[in-house]
Amino acid sequence: MPKPHQTARAVALQALIQVEQGFGYSNIVLDHSLEDIGLNRRDKALAAAIFYGVLEKRLTLDYYIVRCLSSPGRKPDPMALEAIRCGAYQILYMDRVPDSAAVNETVQAVKSAGRAQLAGFVNGVLRGLVRKKGQIELPGGDSLKALSVRFSVPEDLIKLWTEGYGRRATVQILDSLSEKPELFIRVNRARCTAEELEASLKESGVKMCSLQHPQYAAVLENCGAPQGLEQFKKGMFHVQDLSAQLVCRALDPRPGETICDCCAAPGGKAFTLAQEVGTEGRIYAFDLHEKRVGLIKEGAARLGLDNIYARVGDATDVLEGVIQADKVLCDVPCSGFGVIKRKPEIRYKNLESLQDLPKLQYNILQNASRYVRPGGLLLYSTCTLNPAENSAVAKRFLQENNGFEPMTIDIGLRRVIEEPENMLTMMPFAEASDGFFVAGFRKKTG
Ligand SMILES: C[S@@+](CC[C@H](N)C(=O)[O-])C[C@H]1O[C@@H](n2cnc3c(N)ncnc32)[C@H](O)[C@@H]1O
């Protein structure tokens, strides 16, 4: 059923409330909120800009907002606070939106959410911000507090990065978070050449720029949602970040190989690996959740990859059907601090809630290691920047499994932090795109 007509601000506000309430990742919540909504392209773009802007700048906005409250110690109603953040983002960061429109339209959005009783309060705070904005200065210097307010990243996370990667790299990570992420794709060479895809996309008004490295990687420009493109529907490419494509390179997939991808959904890496091993090879792609295994099957069918065997399986337990694989990939569930550019709300995760992850990650790695044939490779990867989930898990694996030796990771990237040769942290500020970590191990033959 079509949803009732709403304004861009009302859509952004409601989507933000849903993210606050834990309904799902920002990109999924926003996509869903914009479906069948009757907004034109410009209003959809405005809703997305406010939505992502507020998520990215939440702590900075709150610093301004607190200075405009008559009782700064009293936390506003959650809906009022979220609405004020939306209005404040427009007032402080969107030059093309007049302040009056930012205030009035935000107040209307609160009313259309059925919370008219909050309208006066929201109006008063935003008008106060319009008056005071030139007088409020963000804290300078590089104390934890100052960095946290300026970059809108919780102090705990900045501390974790500083202890793990040093001060310089931390500031570089913080700086990179506000960059607009590029849309990377991987050409499905089973369906077309890069030149054919480029020409076809050009006819649809989309520019494709192929990368030198890795092969078949490219960036799309002026494309909107790629899933709507005819070339996507025909399986000529899949969307995959550059760093994720480099993780696949680290596994050095060869034609005819058998690879076990034990945490595989939604399937991006399995698709790339399947294209590399070709029709003589096979990919066993497991995931814990049936619905997510469905995503792998759907993607493989669209791309015409019938060498992918997608199954439900718990990577801490028996993985049915796999005997001895040439290579095993453990792309484990993680805190996701490497993909904050794409999912800005990840930065606000409570670190305590992540404490059990290294144990799960280690269990997956340890269990999956028994599916590697002698001489075969085991690759551990995460999309996070957290030494406890990365280097600590990889070091423990080598200490406790003397049947494996370190395998050097060399995928043509400059190393930006000091680490053992079998580990590589891809930093979002260096040549890579998202922050990823990989560690390689070879099963001894003797
Ligand atoms: C980082 S994602 C994998 C991304 C995937 N490799 C790709 O490139 O598209 C981690 C996946 O692990 C799955 N997962 C979590 N616990 C698992 C377990 N015990 N066994 C297998 N899969 C698990 C999650 O459902 C999630 O889909």
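Rules and cut-offs
- Residues numbered from 1 in each chain as written.
- Predicted model: local features only at pLDDT ≥ 70, side-chain atom pairs only at ≥ 80, totals over all residues.
- Helix = DSSP H or I, 4+ residues; strand = E, 2+ residues; numbered from the N terminus.
- Rg over C-alpha atoms; globule rule 2.2 N^0.38 Å.
- Buried ≥ 20, exposed ≤ 12 C-beta atoms within 10 Å, placed from the backbone.
- Contact = placed C-beta atoms within 7 Å.
- Core = buried A, V, L, I, M, F, W, Y, C linked by C-beta atoms within 7 Å.
- Near = placed C-beta within 6 Å.
- Nonpolar A, V, L, I, M, F, W, Y, C, P; charged D, E, K, R; others polar.
- Axes fitted to C-alpha atoms, helices over the stretch in contact; angles between N-to-C directions.
- Parallel < 35°, antiparallel > 145°, perpendicular 65-115°, else oblique.
- Left-handed = near helix turned anticlockwise from the far one by under 90°.

Caption draft 1: Structural detail: the overall build of the chain. The number of helices and strands found in the chain is 16 helices and 12 strands. A globule of 446 residues ought to have a C-alpha radius of gyration of about 22 Å, and the chain, at 24 Å, matches this closely. Across its three principal directions, the C-alpha atoms of the chain cover 75 × 50 × 35 Å. Relative to its 446 residues, the chain shows a buried fraction of 43%. For the chain, long-range pairs separated by at least 24 residues make up 71% of all intrachain contacts whose partners lie at least 6 apart in sequence.

Caption draft 2: Looking closely at the environment of Asn222. Mapping Asn222 onto the fold places it in the loop between β3 (217–221) and α11 (230–233). Taking C-alpha positions, Asn222 is 9.7 Å from Leu183, a pair spaced 39 residues apart along the chain. Residue contacts for Asn222: discarding those within four places in its chain leaves Gly205, Val206 and Lys207.

Caption draft 3: Layout of the nonpolar core. Ranked by size, the top nonpolar core spans 89 residues in total, and within it Cys262, Ile283, Ala285, Ile308, Val328, Cys330 and Val438 carry the most contacts. No other element matches the six residues that helix α12 (residues 242–250) contributes to this core. Setting aside its immediate chain neighbours within four residues, Ala285 contacts Asp261, Ala264, Gly267, Ala270, Ile296, Ile308, Tyr309 and Ala310. Within the second largest apolar cluster, 39 residues are counted, among which are Ala8, Ile65, Cys68 and Leu126.

Caption draft 4: Molecular detail of the site of the ligand. In the vicinity of the ligand there are 20 residues, among which Cys263, Gly268, Lys269, Ala315 and Asp331 approach most closely. When contributions to the shell around the ligand are tallied by element, the ones reaching two or more residues are α13 (268–277) and β6 (282–287). A class-by-class count of the residues in the shell around the ligand yields 11 nonpolar, four polar and five charged.

Caption draft 5: A look at the packing of helix α2 (residues 26–34) against helix α3 (residues 41–66). For the pair α2 and α3, the least separation of the axes is 11 Å and the interaxial angle reads 155°. The pairing of α2 with α3 is recorded here as roughly antiparallel in orientation. Our pair here, α2 against α3, has a crossing hand that is right-handed. Where α2 approaches α3, its residues Ser26, Leu30 and Leu34 are matched on the opposing element by Lys44, Ala47, Ala48, Phe51 and Leu55. Residue composition of the contact of α2 with α3, grouped by class: six nonpolar, one polar and one charged.

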